[in-house]
Amino acid sequence: MPTPVLAALSLPKGASCAIPRCLTQEIAVSMNVVPRRLLHACVLLVPLCWSAVAPAKPADPQPLPDFRKLVKQNEPAVVNISSTQAPAPNRRPRTPGLPELPGKENPYQEFFKRFFQERPELPGDRQANSLGSGFIISADGYILTNAHVAQDADKIIIRLSDQRERPAKVIGVDELTDVAVLKIEGDNLPAVKIGDSDALEVGEWVLAIGSPFGLEHTATQGIVSAVGRNLPSGTYVPFIQSDVAVNPGSSGGPLFNLRGEVVGINSQIYSSTGGYMGLSFAIPIKLAMQVVDQLKATGEVTRGWLGVLLQPVNNDLAEAFKLDRPRGALVAQILPDSPAASAGFKQGDVILRYGGEPVEDSSQLPRMIGVTPVGKTVAMSILRNGEPLEIKATIARLEATEENLTTMDEHSDLRLNVTVADLSNEQRRGLGPDDQGVLVTGIEEGPAENAGLYAEDIILQINHVPVKSASQFVEMARELPAGKAVPILVRRDNESLYLAVRLPEVKE
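Residues numbered from 1 in each chain as written. Predicted model: local features only at pLDDT ≥ 70, side-chain atom pairs only at ≥ 80, totals over all residues. Heavy atoms only, no water.

S.K.: Please explain the overall build of the chain as it appears in this structure.
M.R.: From N to C terminus, the chain includes 11 helices and 30 strands. With 508 residues in all, the chain has 44% of them scored as buried. When the accessible surface of the chain is summed, it comes to about 27000 Å², and 51% of that surface belongs to carbon and sulfur atoms. (Helix = DSSP H or I, 4+ residues; strand = E, 2+ residues; numbered from the N terminus. Buried < 20%, exposed > 50% of the residue type's maximum accessible area, 1.4 Å probe, protein only. Areas by Shrake-Rupley, 256 points an atom, 1.4 Å probe, with all protein chains shown as cover.)

S.K.: Mind showing me how you'd approach the nonpolar core here?
M.R.: Grouped together as the largest cluster of nonpolar side chains are 43 residues, with contacts concentrated most on Leu416, Ile459 and Phe473. Those residues in contact with Phe473 that lie beyond four places of it in its chain are Asp413, Leu416, Val418, Val420, Val438, Ile459, Ile462 and Val467. Core analysis: the next-biggest nonpolar cluster, separate from the first, contains 29 residues, Val181, Leu231, Phe239 and Leu287 among them. (Core = buried A, V, L, I, M, F, W, Y, C linked by side-chain atoms within 4.5 Å. Contact = heavy atoms within 4.5 Å.)

S.K.: Looking at this structure, I do not really get the confidence of the model for the chain. What am I missing?
M.R.: In low-pLDDT segments, the atomic positions of the prediction should not be examined closely. In this model, the chain carries a mean pLDDT of 79, and residues with pLDDT of at least 70 account for 73%. In this model, residues 41–52 is a region of pLDDT below 50 whose contacts with residues beyond four sequence positions or in other chains number 10 contacts. Low pLDDT, under 50, characterises residues 88–126; the stretch is placed with 86 contacts to residues that sit more than four places away or in other chains. (pLDDT = per-residue confidence, 0-100.)

S.K.: Looking at this structure, how should I read the pairing of strand 18 (residues 329–334)?
M.R.: Counting buried positions along strand 18 gives five out of six residues, so the element sits mostly inside the fold. Pairing geometry for strand 17 (residues 308–311) and strand 18, over four bridges, is antiparallel. The residue of strand 18 that forms the bridge with Val308 is Ile334. When strand 18 meets strand 19 (residues 350–354), the two strands line up antiparallel, connected through two bridges. Each bridged residue has a counterpart across the sheet, and for Leu330 the counterpart in strand 19 is Val350. (Pairing = 2+ DSSP bridges.)

S.K.: Looking at this structure, I do not really get the side chain of Arg166. What am I missing?
M.R.: Mapped onto the elements of the fold, Arg166 is located in strand 6 (residues 165–167). Buried charged residue Arg166 carries no salt bridge. Nearest counter-charge: Asp162, at 6.5 Å. Looking at Arg166, its side chain comes within polar contact range of the main-chain oxygen of Glu185, at 2.6 Å. Among residues more than four places away in sequence, those in contact with Arg166 are Ile156, Ile157, Ile158, Leu160, Ile184, Glu185, Gly186 and Leu189. (Lys, Arg positive; Asp, Glu negative; His and termini not counted. Salt bridge = Lys/Arg side-chain N within 4 Å of Asp/Glu carboxyl O. Polar contact = N/O pair within 3.5 Å; in protein donor to acceptor, adjacent residues only side chain to side chain.)

S.K.: What is the right way to read the packing of aromatic side chains from this model?
M.R.: Within a pair of aromatic rings, the relevant descriptors are the distance that separates the centres and the angle that separates the planes. Enumeration according to the criterion identifies three aromatic pairs in this entry. Ring centres 6.2 Å apart and planes at 65 degrees place the aromatic pair Phe67 and Trp205 in the edge-to-face group. Of this pair, Phe67 sits in the loop between helix 2 (36–53) and helix 3 (68–74) while Trp205 sits in strand 10 (residues 205–210), and the two are 138 residues apart along the sequence. Look at Phe67 and you get buried, because its relative accessible area is 13%. Of the residues examined, Trp205 reaches a relative accessible area of 26% and is grouped as partly exposed. Summarising the aromatic geometry, the rings of Phe239 and Phe281 are spaced 6.3 Å apart at their centres and angled 80 degrees between planes, so their arrangement reads as edge-to-face. Of this pair, Phe239 sits in strand 12 (residues 239–242) while Phe281 sits in strand 15 (residues 280–284); the two residues are 42 residues apart in sequence, bridging distant segments of the chain. Neither Phe239 nor Phe281 differs from the other in exposure class; each is buried. (Phe/Tyr/Trp six-rings, centres within 6.5 Å; stacked < 30°, edge-to-face > 60°.)

S.K.: Can you help me understand helix 5 (residues 285–298) in this one?
M.R.: Every α-helix winds through 3.6 residues per turn, so residues three or four apart in the chain are directed the same way. Compared with an ideal rise of 1.5 Å per residue, which puts 14 residues at 20 Å, helix 5 spans 20 Å between its outermost C-alpha atoms and is within 8% of the ideal. Positive phi shows up at Gly299, right after helix 5, with a value of about 85 degrees. (Expected span 1.5 Å × (residues − 1).)

Given below as structure tokens:
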């Protein structure tokens, strides 16, 4: 009795093999009539069928990084910093942290807490003590830390990894980047390797070493959560965000990559309690070393200045200013006697490129201007009234500038649900020589409130047209188109900004 070939093609239960029906009929014929080449084909089909039903082999899991060697190599270069500040009758003890923003429901209330621990001042002549971290960047004793750790201190003591203590001299402090350079006496001191913070990628492993709550040389690890993060406290710093656990006392400590190179200085945390909550921020080491070079050379940092106040462009403002999408930096105010004023900038200009580099977000521009050498002429591409234009401005040196602002025939507009009044002489003096406007004295639910207008705002322009009086404002509001975003220029807290108001469509 001839044996069917199909008996040799047994498969697992429930499995099937995609052999053509006509072929299986031929195979079922007696062994005596099956051609040899057909048997070879059947044998070759078997592994193909098994590969279709065999379970896939799981990929080998990636091993977690081993930080032991990294810590041993770099721990000697990480130092503990303690500073003292003698109390004086006319000087309050230094308090870490950012000023609280107004508003009970403000999401940034207590947004960022500084890391170092400070004990309260005691009665009498006791000194206020603070604690932070730092790291040695050169064998001759230069140390990098945060500005808020070192500034205003009367005395700074550096404790090395072998518990030796040495007094430190402040070489320079830059508050805008929160970077400080200290110097101790010594030779052949252990120093860290400086890495490339620009090469960091999200998901990359990083490690921090510091002194949280005074616990020296504490190592914690995590990953890079974001790069180029813009924070309210750091106009000139594109922060590195990570989930590395850092706490008070770790401020000024180094952030390492897996190659043992410093890529950042731990500076801030997001916290509602003052402790770690999963978000920490570091100053990129590339930016910090640029500051170091200037502080070592002159003791101060020189930055470029254009003389404009900027605001981001959202969807409504993009439509109002005829942009294809939200991008660029919107010029809300031009400071008098500034490079921007001399170059011919106007309120409402949208800066799209600076020196050939695209400006995708308004937060980029201050950093780009800040690193521009003083006296350099830079070409900028802008959009003005929907038309592209190029303006060249010569960058000046950034100096500390301040402005002043300090009412009453009221007029109400029912379309915007806002009440305005003419400005008093005192308020007019607080504006620029060419500025006029009206004061918002009341606002109710409606288009103006939805646009972000507040009482005490001063409305300077509607749809690029200057507002000269309260009565004129009401007339202008009546002419606003429905269903279209229209820009309104306002002055708030001594600064100008644009809002986009949209009147609802009229239902027929």
